[in-house]
Structure formats: structure tokens, C-alpha cells
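Reading the structure
Given next are the chains, with one letter for each unit.
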Amino acid sequence: MGQTLTEIAETLRGANKKVQLIYAFNGTGKTRLSREFKELIAPKDDEEDDLEDSGIKILYYNAFTEDLFYWDNDLDADSNRKLKIQPNGFTDWVLRDQGQEFNITTHFQHYTSDKLTPRFNEEYTIKDKEGKDVTIKAYSEITFSIEGGNEGGIENIKISKGEESCLIWCVFYSLLEQVVEVLNIAEPAERETNQFNDLEYVFIDDPVSSLDDNHLIELAVNIAELIKSSKSDLKFIITTHNPLFYNVLFNEFNGVKRILKSRFDKLEDGTYLLEETKDSPFSYHLLLLSELEKAIESNDMQKYHFNFLRNILEKTSTFLGYESWRELLPEESREAYCNRIINLYSHSKHSGEEIAIVREDDKRMLSFLVREVKRVYGFK
């Protein structure tokens, strides 16, 4: 029977597990669930995370975390682009109090490029439009540069959305490393800070899904190792729509006591289902195929369903030894299928594009390709 998001959040709290690993498709409501859980654990009128007091009960990473960062593109001069940070205790503590710039930069360059360097600002003063002095706080802005060869580097660049998400995750991860280290000291009086003495939960929703497979695997391993190194009563909830990320974590947490692995689904009546799974990592290409079949049957095909098909083709071609997933498409009009449908719909950059209306002829094309893939390659 389905539950409301509030009831699902209460189920998560009542599970009393060290780790809860949850798989859900995009659009199911993972971010809303993280907010619902946060409100359940620490209801608060102020939306801003605050690490200034010692009563903090939950840290969470989700789409709202990224909202703490926004771009000043310097539209007038088009030269001094910077990523600005909303005032918040979260980044103040990890940067100002803990001096984690080096670790953040190291993590970021590891997942992106060692030539791409973020720089956090020192405190400085500028004149406002009325000629008055305005103090810009330290660690409130980030600029980026690329180190070059003989021709020198490039300063004040604007990084991609994926790189931006990676940087924000590295800030959070550096904080999390510090938190685990602090709480691993059993005696509260001996800890360097009492800010996390009341911390109960860390909720992580889909960190850096823009990474390539190798880095995504490494990220999952690093998260698992950090969580396994935690000796305190701190509890972790991780939600993801990425099958590879889920499967790696599933394997990494094997043998860990007090772990719950679940599927999170939204039902047709608008309620939700959280269902425990004890199986080995699920065959997610078969799960994607099942989702495609349901969408085709109900004629409710969205743009992200074409990405599902591409994912299935990629995994199947790798298993069968083909050089490219394109070779699995029907030979007649193979390039047309590729260019017209799969490439077009599987590279949407904004979540809003994923729910845009799909043309009827594209729906028919998707139905045809799904039938052909099942028929030719023996899916059951």
C-alpha cells in the first residue's frame, strides 16, 4: 500500500539503520523526500543550513545545496566571472574555520582536471554605486583558471554545470570528512568542536551524476569507505537514480551491519512505495526495459525514456562484444534512428526538457525499437 512522503520519511527514521541505500528513477521525488526527512528531523522556518550552533541534527546534500552557489557572469566587462556563495554556516565552517581549500581543490581536480583550479577569495573592499565602501567576506566567491603551456593560462573562466556540481560536492564531502573525524572521537569533551555532538543523520541525494563511469565508481567507493570508517552513531541515507552508482555502493556495503537497501517508487495514485530488496545488485537494464514497456503501454513516453533505451543498448553491446551500441539498431536507417531519436533525447541538459511533450511519430519509433531489440536479442 502506498504512503505519503511524510510517512516514507517516518519509515526511514524508524528503520534505525547505519546505512539506508535507496534506488529511484529520476522524477520519483528523491529531493522532495530529502526535504521532508529534514523537516521531520529538524523542523525549521529558516531554509538556510546553520552550523553556528551545536544543535544541528542533520546534514544533507541535494539540489538545494547547489542553490547556495550562483554565478556572477560580469555581463558589463565579460571578464571577471565568479561563482558566488550565499551566506551560510555550512561553507563558512568548512572553509573559514577548517581551512579546507586545499582538500576541496585536490578532490575537485581529481574528478575533473589538474589544470582546472578554483581559487577562494580573501576579504576585500569595493565601492558601491553611491561610493560607499562595501566589504566582501573571505570565502564568499570562487574564480576558476586553466593552467596552460607556453602560452600561459586562462583566468576567470566559467566552468560547466557538471564541473560546478562536482565542486559543490567536493565542498560537502570535505565537510563530511571533517564531521566523521570529529565524531570518531568517543569522548565529546575531547573533540575540537561541539557543533556536531547532536548530529544524527547525513542525507545524500545523487552526488555528481555527471561524472564518467570510472570516476563515478571511485566516488562511490570513497563514500562507502568514509561511511565504513565512521565509528559514531551517525546514520547515512543515500538516494540515487544512477544504477552504476547504486550497484557499486551495494557491493561496497556488503558485510556492513545495520544496512537497508530499498527501491523507492511513485505509484499511479500519487502515493509512494519504499520496498526493501535483499537481492544482489539488480539487473538494471532489465528494470529499464520494464519501465519502457510500461510507458509504451500507457502511451506516456517522456524524453528520458529514450535515454533508458540508449542505456540498454550500451550495456547490451558491451556484453555482446560490439564496438558501438549503434550496431544493435536495425540496419535499415540505422543512422537515422540514431540521429533523430536517441542522440536527440538522451542529451537533455535541463530537467524541464525531460518532461516536454514527445511527438507521436517519435513515440511510434521508440515502440518499434524496443520491440526490435527484444525480438533480436532475446530479452524475456
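Structure: see above.
Values in this document were obtained by computation on a predicted structure and should not be read as measured data. (Residues numbered from 1 in each chain as written. Predicted model: local features only at pLDDT ≥ 70, side-chain atom pairs only at ≥ 80, totals over all residues. Heavy atoms only, no water.)

Scanning the protein chain from terminus to terminus reveals 12 helices and 12 strands. The buried share of the protein chain, taken over its 380 residues, is 48%. Considering only intrachain contacts with a sequence separation of at least 6, the fraction spanning at least 24 residues in the protein chain is 69%. Just so you have it, the protein chain exposes about 19,700 Å², and 46% of that area is on carbon and sulfur atoms. (Helix = DSSP H or I, 4+ residues; strand = E, 2+ residues; numbered from the N terminus. Buried < 20%, exposed > 50% of the residue type's maximum accessible area, 1.4 Å probe, protein only. Contact = heavy atoms within 4.5 Å. Areas by Shrake-Rupley, 256 points an atom, 1.4 Å probe, with all protein chains shown as cover.)

Time to look at a nonpolar patch on the surface. A contiguous nonpolar surface patch, about 350 Å² in accessible area, is contributed by Phe319, Leu320 and Tyr322. As for its position among the elements, Tyr322 is in the loop between α10 (303-320) and α11 (334-345). The class for Tyr322 is partly exposed, based on a relative accessible area of 34%. (Patch = residues over 30% accessible without salt bridge, like charges linked within 9 Å, V, L, I, M, F, W, Y side chains within 5 Å. Salt bridge = Lys/Arg side-chain N within 4 Å of Asp/Glu carboxyl O.)

An order of β3-β4-β8-β5 is seen for the 4 strands of this open sheet, with the pairing classed as antiparallel. Strands with a single pairing partner mark the edges of an open sheet, and in this sheet they are β3 (69-72) and β5 (116-120). Across this sheet, the average inter-strand angle for adjacent strands is 30°, counted without regard to direction. The strands touched by helix α5 (residues 101-111) within the sheet are β5 and β8 (141-146), with β5 carrying the most contacts at an inclination of about 155°. Of the strands in this sheet, β3, β4 (82-85), β5 and β8 touch helix α6 (residues 161-183), which is tilted by about 135° from β3. (Pairing = 2+ DSSP bridges. Axes fitted to C-alpha atoms, helices over the stretch in contact; angles between N-to-C directions.)

Here we take up the packing of aromatic side chains. Per the counting criterion, the structure on display carries 15 aromatic pairs. Ring centres 4.9 Å apart and planes at 85° place the aromatic pair Phe37 and Tyr201 in the edge-to-face group. One end of the pair, Phe37, is in helix α2 (residues 30-41); the other, Tyr201, is in strand β9 (residues 201-205), with 164 residues separating them in the sequence. Note on accessibility: Phe37 and Tyr201 belong to one class, buried. For the pair Trp71 and Phe144, a centre-to-centre distance of 6.0 Å together with 40° between the ring planes defines the contact as tilted. Residue Trp71 is found in strand β3, and its partner Phe144 is found in strand β8; the two are separated by 73 residues along the sequence. Taken as a pair, Trp71 and Phe144 share a single burial class, namely buried. A network of ring pairs unites the aromatic residues Tyr23, Phe25, Tyr246, Phe250 and Phe308 as a single cluster. (Phe/Tyr/Trp six-rings, centres within 6.5 Å; stacked < 30°, edge-to-face > 60°.)

This part is about the pattern of salt bridges. Per the stated rule, a full pass over the model turns up 19 salt bridges. Two residues, Glu141 and Lys82, come together in a salt bridge whose shortest N-O distance is 3.6 Å. Taken together, the residues Glu141 in strand β8 and Lys82 in strand β4 connect sequence positions 59 residues apart. Of the two residues examined, Glu141 and Lys82, each falls in the buried class. Between Asp97 and Arg96 there is a salt bridge, and its shortest N-O distance comes to 3.0 Å. Relative accessible area serves as the criterion here: at 41%, Asp97 is assigned to the partly exposed category. Classification of Arg96 by relative accessible area gives partly exposed; the value is 42%. Linked through salt bridges whose partners overlap, the residues forming this network are Asp92, Arg96, Asp97 and Lys137.

Further remarks concern the sheet that holds strand β2 (residues 58-61). If you walk across this open sheet you meet the 6 strands as β2-β9-β10-β1-β11-β12, and the pairing is mixed. The sheet is open, and its two borders are formed by β2 and β12 (272-276), each paired with just one other strand. Adjacent strand axes in the sheet meet at a mean angle of 20° when their direction is disregarded. The pairing of β9 with strand β10 (residues 235-240) spans 5 bridges and is parallel. Bridge assignment links Phe203 to a residue of β10, and that residue is Ile237.

In this model helix α12 (residues 360-377) runs 26 Å from its N-terminal to its C-terminal C-alpha over 18 residues, within 8% of the 26 Å that 1.5 Å per residue would give. For α12, every residue scored as buried is listed here: Asp362, Lys363, Met365, Leu366, Ser367, Leu369, Val370, Glu372 and Val373. Of the residues one or two after α12, Gly378 is the one with positive phi, at around 70°. (Expected span 1.5 Å × (residues − 1).)

A separate point is the packing of helix α7 (residues 213-229) against helix α8 (residues 243-252). Running from N to C, α7 and α8 cross one another at 35°; their axes reach a closest spacing of 9 Å. The handedness of the crossing between α7 and α8 is right-handed. Taking contact as the criterion, the partners of Asp213, Leu216, Ile217, Leu219, Ala220, Val221, Ile223, Ala224 and Lys228 in α7 are, on α8, Leu244, Phe245, Val248, Leu249 and Glu252. In terms of residue class, the contact of α7 with α8 is made up of 11 nonpolar, no polar and 3 charged. (Left-handed = near helix turned anticlockwise from the far one by under 90°. Nonpolar A, V, L, I, M, F, W, Y, C, P; charged D, E, K, R; others polar.)

Here we take up the nonpolar core. General note: in soluble globular proteins, nonpolar side chains tend to be found buried as a group. Judged by nonpolar contacts, the single largest core of 87 residues is most densely connected at Phe144, Trp169, Phe172, Leu219 and Ile238. Per element, the largest residue contribution to this core is 13 residues, and it comes from α6. Core analysis: the next-biggest nonpolar cluster, separate from the first, contains 17 residues, Ile22, Leu33, Ile58 and Phe264 among them. (Core = buried A, V, L, I, M, F, W, Y, C linked by side-chain atoms within 4.5 Å.)

A separate point is the side chain of Asn242. Along the polypeptide, Asn242 turns up in the loop between β10 and α8. Within the structure, Asn242 has its side chain in polar contact with the backbone nitrogen of Phe245 (distance 3.0 Å). Excluding residues within four positions of it along the chain, Asn242 makes contact with Tyr23, Asp206 and Leu216. (Polar contact = N/O pair within 3.5 Å; in protein donor to acceptor, adjacent residues only side chain to side chain.)

Remember that the coordinates give geometry; whether it matters functionally is a separate question.
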